[in-house]
Each structure stands twice: as C-alpha cells, then as structure tokens.
Amino acid sequence: MLPQTIKSYVSIPDYDQASANFDETQIGKMMADPVMKPFTDDLKEQIKQKLIAGGVKLGITLDDLKDVYAGEICFSNDQPNGAKSDGVVVTVDVTGKKAQVNALLAKISKNQKANGAKESKITIAGVAATKFDLPPNPEKPGPNEAYYAISQDLLIATDSQLTLTYILEAIAAAKADNLASLEAFQAVLARAAKGRGPETYDFEWFVEPFGYAEVIRSQQGGRKKRGTDMLQLLRNQGFDAVKGLGGYVNFIVNNNTDQLEMVHSSFVYAPQDPQAENDERFRLGARVLSFPNDANFQPYNFVPEDIATFLNFRWNVQDAFKFSETIVNEYADDEIFDELIESLEKDPAGPKVDVVNQIVQHLDDKVCMLVDVKTPITPQSEQRLVGVHLLHADPVKAAITQIMQQDPNAEKHEVGDEEIWEIHEEEEEIPTLVISGPGFPDAFAANNQFTQGNNKPAIPNAAVAVVDDWVFFSNNKELIKKVILTKQAGAGAKLLSQAADYQRMDKALEVLGSGKDSFRHFARTDQAAQVTYELMQQGKMPESESALGKIINELWSMGQDDEAAATREQEIDASKLPPFAQVEGYLGPTGSYARTEDDGWYVSGAMLKK
C-alpha cells in the first residue's frame, strides 16, 4: 500500500509481543527500574517536543495507539513532492477497535484545534477523511496539513494528501509501483530474512539513505550547515550506489548457550554501479568502500583486556588512499590532492617525505580501532586509537620520525625501546580533528565546540607511534603507551582475547553466523555509555567528544545553524538520573560482524546480559 516515495519505514507486526519482549531485555528492565522513571518520563516529553519541532504534526504518539491497534503498526517518512519535501505516514490495523478509534480521532481533533488548526471533512478516493489546516510554519513555506482516514480497518494518518490518495487507491486496487516492488527494498529484506533465524520478528525496517537524508534536511526547513554540501558530494562521488539498508530486530533470542538480546539481522544493498569503469564495483570516491573478508579476527597481542570497545576490520587502505583523491579535490573545490602530496616531498620548508612510496605502499589491509575510557569523566574521557598493520615497518617509521623531527610542536616520549610522538596542538588551531565512530569508521569529525567562553578545556594532543609491524594514531598518547606496555608484557599480558565477556560474545556471533567476515565489533556497553551518562549529569553533554556523545549532540541540534549548535545549552535535564552505579548492571556487552557480499554487506549482532 505504501508508495515508492517512502524513504524510511518501520513495521511492528505485533506491538504487544514486541513490547513484552523488550521489557525482558536488560534495557527494558533498566527503563522500568523505579530509579529511572523520573528521568525517562521527562525524556519522553522532550523527545516528543523534538519530533514535533522536526515536522511530526500528526498529533499521535505510541501511547495514543495502545488502545486502538489490533495488528501491525507502521511508521514511515516520505518525499511526496520531490527531493525538497518531507512527509510522515502512520498506518495502524484497527480491526474491531471502532469505539477506541473514534475516541482517538476526537482527541486528535480537540488537540489540533487547540493548536489553531481548522478542521474540514473531505472525500479522497471515495473514502471519508478529516483534514486539518495547521497554522503556517514560518521556516517552511507552503501547506501545513494533517489528514486522517480509515479504510478496510486501516487507520491512516499523514501530512500529505498525495500520499493518502495513493494509499487509499492501493487499498481499493493493488498498485504495481509500491514500496515493496522496489529492487532495493526486496533485496535488503530478503537477505536480512535469510540470516534472521527466528521466523517471527519484533520489527522490520528499511531506509533509502540519500532520500532519507533529504527528508531530514527538509524537516529542518531546508537549512544546510555552512561549507561543502556533503550530501551532494557523496552523491557526486558515487556513494549513492548504496541503494538501501534495513532488516529485522528480535529483542529476545534464546539459544543453548546464552540469551541473546537486541538481535539484529541487516543488509546494506550496494550493487554494481552501472557507471563504474574498468571492472570496478563503484566509481570515483566510492571505490574506497573495499572491505575484503578474512577468517582470522582474534584480538591482537596488544589489545588490553579492559578496553571499552574493539573494532577489527579489513580495508584496502592503499586503494582507499588512491581513490580518496577525487573526494579531497571536490571538498576543496580545487585540484589540490597531488599538490599536497608533492609539497610534502619537495617543499623546502616541508618534511621532504615521499608519502606514497615511504608510507602508503607499506600499509596492509588489517585495521583496528580501540576505545578506552579515562576516569573521572570529562568531555575528553574517551580515548581512541586506530592501528594499521604494516607490510614493512622500517620505511614507515623512518618517514614518521623525519616528519616529527621537523615539527616544532612534536615531542618524543620513550616507552622502553619504543617511541611515541605527541603533537601539541595550539589553541588557535581549533577546530581539531578527532576520530569518530563507535562502529564503522566514519572519517573525521571537526570539533569546534570549545572556542566559546573563557573556560576552555585542555586541548587533547594527537599522538603517533610505529611499534613492530603496526602504526598507531591516537587522540591521547596514554592509550598508545597502554598498548605498548600490553605488548611488551608478553605471556604475562592481560589481553581482551582472554576476557570472559569477549569469549561469550565471540561464541554468540558464531551462533549468528560469523565466520569469514570483513568487520568484527565488541563493546562493553557500560563503559561506552558511562561518558555520555555522567556528562549529562554534569550538564556538559554539548561538550562531549565521545562517539556516542557526538551522535546525540547532532540529533539534539538538528535544525540549528553552526553557531547555535556549537553554543547550545544542554536540553536534557539529567538532574533526575540516578548514579551510574545503579544502572550499569543492566548494560551488558554487545558485538556484531559484517560480511562483504557481491551486492553489499550483511551485518548481524546482539547484546548479552552482563
């Protein structure tokens, strides 16, 4: 029934069962804990207001639907009028719930009128419908409407007459040009279902990434952050080869060894780009998306036992460097890539290093990322390290030493026979670049939040080291030191691979089908969440440099311009949060794996009880 203009879709086939299953998970029990109730109640209201500000104007919440649903509940976002439009659609099976539906519609009518809306009765595709003309939105010129209709026991609520017309016509007579007929939709859910395991599921989802990004942008009034339009850049560089992603989630899956929670089976559909040349899978910058599969994913002998997060993956780094040229040039709006590389070698004032031949050609495809948490909690508590395996370490170490020796801000630290180079950042060099992303590497994120006010926190220093056949980059030299000391401990080292929770997760991933993969991810949710949790309690959430914190800050600053986002006050009142020690027992380890396939990437994972 849904049109192909739908860009995101979530379906809950049995809300009662899904809700009961969620309540049995650690997260569900944490949310139900009386110590969390004051905060969760307040947060729900704030999220509701955020959704309203983002364009959700139907006046319906999940709580409203609890009395009216008899089967599937579906939430969708669409583009009813092209790339610069946005819409929301809610459909609910209300079989046998006539009285409750009438009560809900009466409540909606009362609330909409209280907000200044004008109600009218109309007929669409032969079906009676209610229309509300809402007060104009100064940030979004054009119609501001909401529609409600019931056809064949299906309640439909949407803000687009075009979308409502399509759905009502599709109910009366099946249409061929529907969401379910899209190649990406079919491919994503078919592959995800194959790996799902249980026949039933708690919810199904699908996103067309570029279309959904446009929907979000439109919901924000079409405003874009200053600088390069990254969405257009990604399209130009061929990343629109990713046609869709989605899958299934089961809140509880029992097996013979462990109870798995939040089990997901997902697929990212990225078929051969017809514009790609020379037998390549993708074109231009998108060719960096090359992640070969490997059977060996045991943590390395330098990964400490107590680390918060460990991501281990395979990436054709040499090709990625080469194919990043067109991305860099478009971002700079100039042909600067080759000039930069040449200047590093030939500029009299430069380090005189041949980056390609002295560094890049010696990089292997084994890459890893570690996250450690330093207490007491501050905005800089999350320490991150990226390691790249080296085919030949000596030329890389010599090149890095040569670069560092000529950098007046570089300081050498010795750890036994190993050297760490720390680069001291000067205040005027903000914004700094910090590695971002708890899962798949998502390049770099600029952090310019700390330039406001007089009490600026200490700026973290970057660090680099070549240790045996690895090169490490970190936002804090102490994490590199920790890795070195772990490696130097030899047989006496306490390694992640020996940790009981890691071994449990490794077995759980085997149950879910891991084997020859391109990504493996392990996280201790309690450690990973502690930074964000305690920063919220301190009222410093907007200053967070953690990966999770950045995601939350982006969500809560949606629709704001750069200056407003950088200086915003914390909107979440965390004064009602209990001490972290009272909730950390609910936060068990999580893990996932990804496998590169001919037409995309299959991803699966789960959470375990602590």
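Keep in mind it's a predicted model, so treat the numbers as computed, not measured.

Trainee: Before we go on, may I ask you to explain the overall build of the chain in this structure?
Mentor: Scanning the chain for helices and strands turns up 19 helices and 22 strands. A separation of at least 24 residues holds for 70% of the contacts in the chain among residues at least 6 apart in sequence. Total accessible area computed for the chain in this model is approximately 28800 Å², and 52% of it derives from carbon and sulfur atoms.

Trainee: Looking at this model, I keep getting lost on the packing of aromatic side chains. Mind explaining?
Mentor: Two aromatic rings, taken as a pair, are described by how far apart their centres are and by the angle between their planes. Within this structure, the stated rule accounts for 23 aromatic pairs. Look at F302 and F472: their rings are 5.0 Å apart centre to centre, the planes differ by 70 degrees, and that puts the pair in the edge-to-face class. Of the two residues, F302 sits in the loop between β10 (259-269) and β11 (309-314) while F472 sits in strand β19 (residues 470-474), which places them 170 residues apart along the sequence. In this pair, the class of F302 matches that of F472, namely buried. Clustering of aromatic rings is evident, with ring pairs tying together F282, F291, F313, W315, F519 and W601. Its end group placed over the ring of Y602, R191 keeps NZ or CZ at 4.0 Å from the ring centre. Against the face of Y248 rests R196, its NZ or CZ located 4.5 Å from the ring centre.

Trainee: Any chance you could explain a negative patch on the surface here in plain terms?
Mentor: Residues D333, D334, E335, D338 and E339 make up a contiguous surface patch of negative charge. With respect to the helices and strands, the residue E335 is situated in the loop between α11 (325-332) and α12 (337-346).

Trainee: Looking at this structure, I do not really get helix α6 (residues 161-172). What am I missing?
Mentor: Owing to its 3.6 residues per turn, the α-helix aligns residues three or four sequence positions apart on the same side. For α6, built from 12 residues, the straight-helix expectation of 16 Å at 1.5 Å per residue is met to within 8% by its first-to-last C-alpha distance of 17 Å. Within the sequence span of α6, burial applies to T163, L164, Y166, I167, L168, A170 and I171. Along its buried surface, α6 packs onto β2 (73-78), β3 (87-93), β4 (118-124), β5 (127-133), β6 (145-151) and β7 (154-158).

Trainee: Where do I start with the pattern of salt bridges in this structure?
Mentor: Side chains bearing opposite charge may pair, as long as their charged atoms lie close to each other. Summed over the entire model, instances satisfying the criterion amount to 25 salt bridges. Between E145 and K131 there is a salt bridge; the shortest N-O distance is 3.6 Å. Highlighted residues: E145 in strand β6 and K131 in strand β5, separated in sequence by 14 residues. Given the relative accessible area of 17%, K131 is considered buried. A salt bridge links R191 to E597; the nearest nitrogen and oxygen atoms lie 2.8 Å apart. Placement of R191 in helix α7 (residues 183-194) and of E597 in strand β21 (residues 589-597) is noted, with a sequence separation of 406 residues between them.

Trainee: How should I be thinking about the side chain of D273 in this particular structure?
Mentor: Considering the arrangement of structural elements, one finds D273 in the loop between β10 and β11. A residue is classified by how much of its surface remains accessible, and D273, at 7% relative accessible area, is buried. Those residues in contact with D273 that lie beyond four places of it in its chain are G238, A241, R281, F282 and R283.

Trainee: Help me understand the environment of G195 in this model?
Mentor: Inspection of the secondary structure puts G195 in the loop between α7 and β8 (203-207). The sequence separation of G195 and Y248 amounts to 53 residues, and the corresponding C-alpha distance is 9.5 Å. Sequence-distant contacts of G195, that is, excluding residues within four places in its chain, are made with S265 and Y602.

Trainee: In this structure, what is going on with the confidence of the model for the chain? I would like to understand it.
Mentor: Per-residue confidence for the chain gives a mean pLDDT of 85; residues scoring 70 or more make up 85%. For the stretch residues 427-459, pLDDT sits under 50, and the model shows 68 contacts to residues farther than four places along the chain or on other chains.

Trainee: I would appreciate a short explanation of the side chain of T525 in the present structure.
Mentor: On the secondary structure map, T525 appears in helix α17 (residues 525-538). What makes T525 buried here is its relative accessible area of 18%. Ignoring any residue separated from it by four or fewer positions in sequence, one finds T525 in contact with L587, G588, P589, T590 and M607.

Trainee: I would appreciate a short explanation of the pairing of strand β9 (residues 244-254) in the present structure.
Mentor: Two faces belong to every sheet, and in a regular strand the side chains alternate between them. Among the 11 residues of β9, 9 are classified as buried, and the element is accordingly described as predominantly covered. As judged from the 5 bridges shared by β8 and β9, these two strands associate in the antiparallel manner. The partner of F203 across the bridge, within β9, is V249. In this sheet, β10 lies alongside β9 in antiparallel orientation, the contact comprising 10 bridges. By the bridge assignment, N254 is partnered in β10 with Q259.

Trainee: Any chance you could explain helix α16 (residues 500-511) here in plain terms?
Mentor: Relative to the 16 Å expected for 12 residues at 1.5 Å per residue, α16 spans 17 Å between its end C-alpha atoms, a close match to the ideal helical length. Where α16 is concerned, the buried positions are Y502, M505, D506, A508 and L509. Taken end-on, α16 shows its buried residues confined to a sector of 165 degrees, consistent with a single buried face. The exposed residues of α16 that point more than 90 degrees off its buried face are A500, K507 and E510.

Trainee: Mind showing me how you'd approach the environment of W601 here?
Mentor: One can find W601 in strand β22 (residues 600-608). Here W601 falls in the buried class, since its relative accessible area comes to 8%. With 310 residues separating them along the chain, W601 and F291 place their C-alpha atoms 9.3 Å apart. Aside from chain neighbours lying at most four places away, what touches W601 is S266, F267, V268, A270, F282, L289, F291, R595 and T596. Within polar-contact distance, the side chain of W601 engages the side chain of T596 at 3.3 Å.

Trainee: What's the story with the pairing of β4 in this structure? I'm lost.
Mentor: Inspection of the sheet shows β4 paired to β5 by 7 bridges, in the antiparallel sense. What sits directly across from K118, in β5, is D133.

Trainee: Teacher, can you tell me more about the environment of H264 here?
Mentor: As for its position among the elements, H264 is in strand β10. Taking the relative accessible area as the measure of exposure, H264 reaches 23% and is therefore partly exposed. Spatially, the C-alpha atom of H264 lies 9.9 Å from that of E204, the residues being 60 residues apart in sequence. Discounting residues that sit within four places of it in the chain, H264 has contacts with Y248, V249, S592, V603, S604, G605 and A606.

Trainee: So what exactly am I meant to see when it comes to unusual backbone geometry here?
Mentor: In terms of backbone geometry, most residues other than glycine have negative phi values and most peptide bonds are trans. Backbone torsion omega between T375 and P376 reads 0 degrees, so that peptide bond is classified as cis. One can find P376 in the loop between β12 (363-373) and β13 (382-390). The phi angle at A125 is positive, at roughly 50 degrees, despite the residue not being glycine. Within the secondary structure layout, A125 lies in the loop between β4 and β5. Backbone geometry at D468 places phi at a positive 55 degrees, although glycine is not the residue there. Topologically, D468 is positioned in the loop between β18 (462-467) and β19.

Definitions and cut-offs
- Residues numbered from 1 in each chain as written.
- Predicted model: local features only at pLDDT ≥ 70, side-chain atom pairs only at ≥ 80, totals over all residues.
- Heavy atoms only, no water.
- Helix = DSSP H or I, 4+ residues; strand = E, 2+ residues; numbered from the N terminus.
- Contact = heavy atoms within 4.5 Å.
- Areas by Shrake-Rupley, 256 points an atom, 1.4 Å probe, with all protein chains shown as cover.
- Phe/Tyr/Trp six-rings, centres within 6.5 Å; stacked < 30°, edge-to-face > 60°.
- Buried < 20%, exposed > 50% of the residue type's maximum accessible area, 1.4 Å probe, protein only.
- Lys NZ or Arg CZ within 6 Å of the ring centre and 35° of its normal.
- Patch = residues over 30% accessible without salt bridge, like charges linked within 9 Å, V, L, I, M, F, W, Y side chains within 5 Å.
- Salt bridge = Lys/Arg side-chain N within 4 Å of Asp/Glu carboxyl O.
- Lys, Arg positive; Asp, Glu negative; His and termini not counted.
- Charge placed at Lys NZ, Arg CZ, Asp CG, Glu CD.
- Expected span 1.5 Å × (residues − 1).
- pLDDT = per-residue confidence, 0-100.
- Pairing = 2+ DSSP bridges.
- Arc of directions from axis to C-beta.
- Polar contact = N/O pair within 3.5 Å; in protein donor to acceptor, adjacent residues only side chain to side chain.

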